Amino acid sequence: LASYQRPVMSNMTPQSAYTPARSWQMFEQISARYDFLNRLLSLGLDKNWRHELKYYLPEGKNLSLLDLATGTGDVLITLIKHPQIVKGHGLDLSQNMLKIAGEKIASARLKSQLTVSEADAANIPFENEQFDIVTMSFGIRNTESPQKVLSEIFRVLKQNGRALILEFSLPANPIMKNLALFYHRVIVTLIGGLVSGNSAAYRYLNKTIEQFPCGESFCGLMQEAGFRIVRFNPLTFGIATIYQGTK
């Protein structure tokens, strides 16, 4: 495990000044209600989407997993139940989110298999070719340099290892796209703001969904990072997508 130094921020980011470089501070502020709002605003679909990841695992036994932007640990806890995976580690910049993840791992009696620590997805503190699988769910669009994150994922994957990126996307169908935009812009911002007390966070998250490349465009970024056999699989009419790439 290489050394890692947390970014120095003298003050918490004002709610009006969220940027990809400081998005981890936003998650610090909304961590207490994060899981509840995920379930509420996705109508429970976020759990189904994470379960879908198991269908895209590479072949093999005794696989090791790294989950980036692990948040409260949902992907780790979901995938460790799959018999192929024997151990997993999660990285995140938000200490509050990691605290919740640690509590959930302990409650599920998975401390012997799962660990979490503080680190940046763009500066992964592991040597080359350490993991069979690297996952990242709803996090890469909140990074300052998605291309650097993808390069780091490629670096720490073993040969023939697989990257699985689960991310929000916009449906290709114009009617579904307009419905999704209305839901994100109005419903998510309103309810997310009321429940979390931080409407700016949910306005920011909505903006990142609209601006982030999806479908073939994101596959192109994965290919530029060196991945082969790059594919994408839309979920629930295309409001979320699983991207996979093999090293």
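Below you will find a few notes about this structure. What you see is a predicted model, and the numbers here were worked out from it, not measured in a lab. (Residues numbered from 1 in each chain as written. Predicted model: local features only at pLDDT ≥ 70, side-chain atom pairs only at ≥ 80, totals over all residues. Heavy atoms only, no water.)

**Considerations on the nonpolar core**
Then, number 1: By size, the foremost hydrophobic cluster in this structure holds 27 residues, and its most contacted members are Leu-66, Leu-68, Ile-153 and Met-222.
Then, number 2: Among the elements of the structure, β1 (63–68), β4 (131–137), α5 (146–156), β5 (157–168) and α8 (216–224) are those that each provide at least two residues to this core.
Then, number 3: By residue number, the principal contributor to this core is α5, which donates 4 residues.
Then, number 4: Leave out the neighbours within four places in its chain, and Ile-153 touches Leu-68, Ile-124, Val-134, Ala-163, Ile-165 and Phe-227.
Then, number 5: Grouped together as the second largest cluster of nonpolar side chains are 22 residues, Tyr-56, Val-75, Ile-133 and Leu-166 included. (Core = buried A, V, L, I, M, F, W, Y, C linked by side-chain atoms within 4.5 Å. Buried < 20%, exposed > 50% of the residue type's maximum accessible area, 1.4 Å probe, protein only. Helix = DSSP H or I, 4+ residues; strand = E, 2+ residues; numbered from the N terminus. Contact = heavy atoms within 4.5 Å.)

**Side note on the pattern of salt bridges**
Then, number 1: Summed over the entire model, instances satisfying the criterion amount to 10 salt bridges.
Then, number 2: Residue Arg-39 pairs with Asp-74 through a salt bridge whose shortest N-O separation is 2.7 Å. Of this pair, Arg-39 sits in helix α1 (residues 23–41) while Asp-74 is found in helix α3 (residues 74–79), placing the two residues 35 residues apart along the sequence.
Then, number 3: Accessibility expressed as a relative area gives 26% for Arg-39, which makes it partly exposed.
Then, number 4: Here Arg-141 and Glu-167 are joined by a salt bridge, their closest N and O atoms 2.7 Å apart. On the criterion of sequence distance, the pair formed by Arg-141 in the loop between β4 and α5 and Glu-167 in strand β5 is long-range, its members being 26 residues apart. Taken as a pair, Arg-141 and Glu-167 share a single burial class, namely buried. (Salt bridge = Lys/Arg side-chain N within 4 Å of Asp/Glu carboxyl O.)

**Observations regarding unusual backbone geometry**
Then, number 1: Its identity as a non-glycine residue notwithstanding, Glu-129 has a phi of 50°, on the positive side.
Then, number 2: Along the chain, the position of Glu-129 falls in the loop between β3 (114–118) and β4.
Then, number 3: If you check the backbone angles, Ile-229 has positive phi at about 50° while not being a glycine.
Then, number 4: Locating Ile-229 in the fold gives a position in strand β6 (residues 228–235).

**Considering helix α4 (residues 95–107)**
An α-helix turns once every 3.6 residues. As a result, residues three or four positions apart point the same way.
Then, number 1: In a regular helix each residue adds 1.5 Å, so 13 residues correspond to 18 Å; α4 covers 18 Å between its end C-alpha atoms and thus fits that length.
Then, number 2: Along α4, the positions that sit buried rather than exposed are Met-97, Leu-98, Ala-101 and Ile-105. For α4, the buried positions fall inside an angular range of 95° around the axis, keeping them on one side. Relative to its buried face, α4 has exposed residues pointing more than 90 degrees away, namely Lys-99 and Ser-107.
Then, number 3: Immediately downstream of α4, the backbone of Arg-109 shows phi near 55°, a positive value. (Expected span 1.5 Å × (residues − 1). Arc of directions from axis to C-beta.)

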